[in-house]
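Below are the chains, spelled out letter by letter.
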Protein chains: 2
Amino acid sequence: MDIKKTYSISELAKEFDVTTRSVRFYEDQGLLHPTRRGQTRIFSSKDRVRLKLILRGKRMGFSLAETKELFDLWDETLSGNEKQLLLMLDTLANKRAQLEQQKNDIAQAEMEMDTAEARCREALAELQKKKRQQTKAKTEEPVEQK
Amino acid sequence: MDIKKTYSISELAKEFDVTTRSVRFYEDQGLLHPTRRGQTRIFSSKDRVRLKLILRGKRMGFSLAETKELFDLWDETLSGNEKQLLLMLDTLANKRAQLEQQKNDIAQAEMEMDTAEARCREALAELQKKKRQQTKAKTEEPVEQK
DNA sequence: GATAAAGTTTACGTAAACGTAAAGTATTTT
DNA sequence: AAAATACTTTACGTTTACGTAAACTTTATC
């Protein structure tokens, strides 16, 4: 039960901060299926959800083709065909493995960023110490040049 | 202290399952810096580590340009310039935020895959039930046609 | 009724990340 | 020495995911 039932292309584009060009491209690639009033596209809340999924997929490094494959598989499971259901389960398992790999990668990266950050802070602390010593030297003997 | 000190292009390519073309491309883009013996590339273990980081970056959805930026920034921090150090810390903070977003995305995706999988299994269970009923009907009255 | 605003199609252009082929060099093996 | 193997450079081709411009229609506004 979404707030609204239909959306114009620019409404969607604005909401998700993409260009209308991108939205049309996603339709072209078979990821969105707006109806038409005349020649104008009318997007349903299902399309809106899918757009959200497309963009999240992109952030996770999924290609449009991969996302489309998931969409299509999911649609076909609704037909209740056993073979399709099994195929969907298999695909889901694969995606899960992929996400596991990504989680490992991220955890590794975070650890390395921790040590990198620590070294930066150490180096900065060193610089600060030197600065303080210089300042100290100046305030203790400010008359020397005179 | 890695096992070996230097690597040929095909050794690296084989180890990380990429083409030599890719490795050369990464050098071309300034991500790797092999030395030369004649005109042949000789990769150090530092290059090897970087190749590993490049590939992990790709799995996390990083572009080569992004990865290169991190490499370059890190190299410059070693010069101990304060401005560079602060810039590095800032960049690290941004990357962290990016990874947080990805973790959220992955968690969301996993939840949705859970419910998708559950629905598939339900649908399959339904199919199995129907099958069993058909089988039952046949075994109980196998003589009917006679 | 003119004009602006939002929509459309068509089509060429572009950046990223390689693939692929051609043609040559250097070394090693038979 | 001939052939196979591994490396090189040069350069054009390809896919993905759009950007950008041109030319046109429909709807809303002054």
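So, how was this worked out
Residues numbered from 1 in each chain as written. Chains lettered and ligands numbered in written order. Predicted model: local features only at pLDDT ≥ 70, side-chain atom pairs only at ≥ 80, totals over all residues. Heavy atoms only, no water. Helix = DSSP H or I, 4+ residues; strand = E, 2+ residues; numbered from the N terminus. Buried < 20%, exposed > 50% of the residue type's maximum accessible area, 1.4 Å probe, protein only. Pairing = 2+ DSSP bridges. Contact = heavy atoms within 4.5 Å. Axes fitted to C-alpha atoms, helices over the stretch in contact; angles between N-to-C directions. Near = heavy atom within 4 Å. Polar contact = N/O pair within 3.5 Å; in protein donor to acceptor, adjacent residues only side chain to side chain. Least-squares fit on C-alpha atoms with pLDDT ≥ 70 in both. Nonpolar A, V, L, I, M, F, W, Y, C, P; charged D, E, K, R; others polar.

## Examining unusual backbone geometry
Residue and element names in this part refer to chain A.
Then step 1. Within the chain, D17 stands out as a residue other than glycine whose phi angle is a positive 55°.
Then step 2. Its place among the elements puts D17 in the loop between α1 (9-16) and α2 (20-28).
Then step 3. Given a relative accessible area of 70%, D17 falls into the exposed group.

## With respect to the sheet that holds strand β2 (residues 35-37) of chain A
Residues and elements named next belong to chain A.
Then step 1. Read from one edge to the other, the open sheet built from three strands follows the order β1-β3-β2, with strand pairing classed as antiparallel. Across the chains shown, the open sheet's two edge strands, defined by having one partner strand only, are β1 (6-7) and β2.
Then step 2. Judged from the two bridges that link them, β1 and strand β3 (residues 40-44) form a sheet pairing that is antiparallel. Bridging across to β3, Y7 finds its partner in F43.
Then step 3. Contacting β1 and β3, helix α3 (residues 45-59) crosses the sheet at an angle of about 80° to β3.

## Brief notes about the sheet that holds strand β3 (residues 40-44) of chain B
Residues and elements named next belong to chain B.
Then step 1. In spatial order, the strands read β1-β3-β2; together these three strands make up an open sheet with antiparallel pairing. Both outer strands of the open sheet, β1 (6-7) and β2 (35-37), are each paired with one neighbouring strand and no more.
Then step 2. Along the sheet face, helix α3 (residues 45-59) touches β1 and β3 and points at about 80° away from the line of β3.

## Focus on the protein's contact with DNA strand D
Then step 1. Of all residues adjacent to DNA strand D, which total 17 residues, the nearest are T19(A), Y26(A), K58(A), S10(B) and R41(B).
Then step 2. Considering the 4 Å shell around the protein, atoms of DNA strand D inside it are sugar or phosphate in 71% of instances.
Then step 3. Take R21(A): an N or O atom from its side chain is 3.0 Å from a base oxygen of DNA strand D.
Then step 4. Interatomic distance of 3.1 Å between a side-chain N/O atom of R36(B) and a phosphate oxygen of DNA strand D.
Then step 5. Looking at the surface near DNA strand D, the elements that each hand over two or more residues are α2 of chain A together with α1 (9-16), α2 (20-28) and β3 of chain B.

## Comments concerning the relation of the copies chain B and chain A
Then step 1. It takes a turn of 180° to lay chain B on chain A, together with a shift of 0.0 Å along the axis; the resulting RMSD is 0.1 Å. Such a combination of turn and shift is consistent with a two-fold rotation axis. Nearest to the rotation axis, the C-alpha of G61(B) is located 2.4 Å from it, this being the minimum over chain B.
Then step 2. By residue overlap, the copies meet face to face through one surface: 100% of the interface positions of chain B are interface positions in chain A.

## Some details on the protein's contact with DNA strand C
Then step 1. Around DNA strand C there are 17 residues in total, and S10(A), R24(A), R41(A), T19(B) and Y26(B) lie nearest to it.
Then step 2. Counting only the atoms of DNA strand C within 4 Å of the protein, the fraction contributed by sugar and phosphate is 74%.
Then step 3. Here T19(B) contributes a side-chain N or O atom positioned 2.7 Å from a phosphate oxygen of DNA strand C.
Then step 4. Where the surface near DNA strand C is concerned, the elements lending two or more residues are α1, α2 and β3 of chain A together with α2 of chain B.
Then step 5. Residue contributions to the surface near DNA strand C peak at four residues, all from α2(B).
Then step 6. Of the residues assigned to the surface near DNA strand C, the class counts are four nonpolar, seven polar and six charged.

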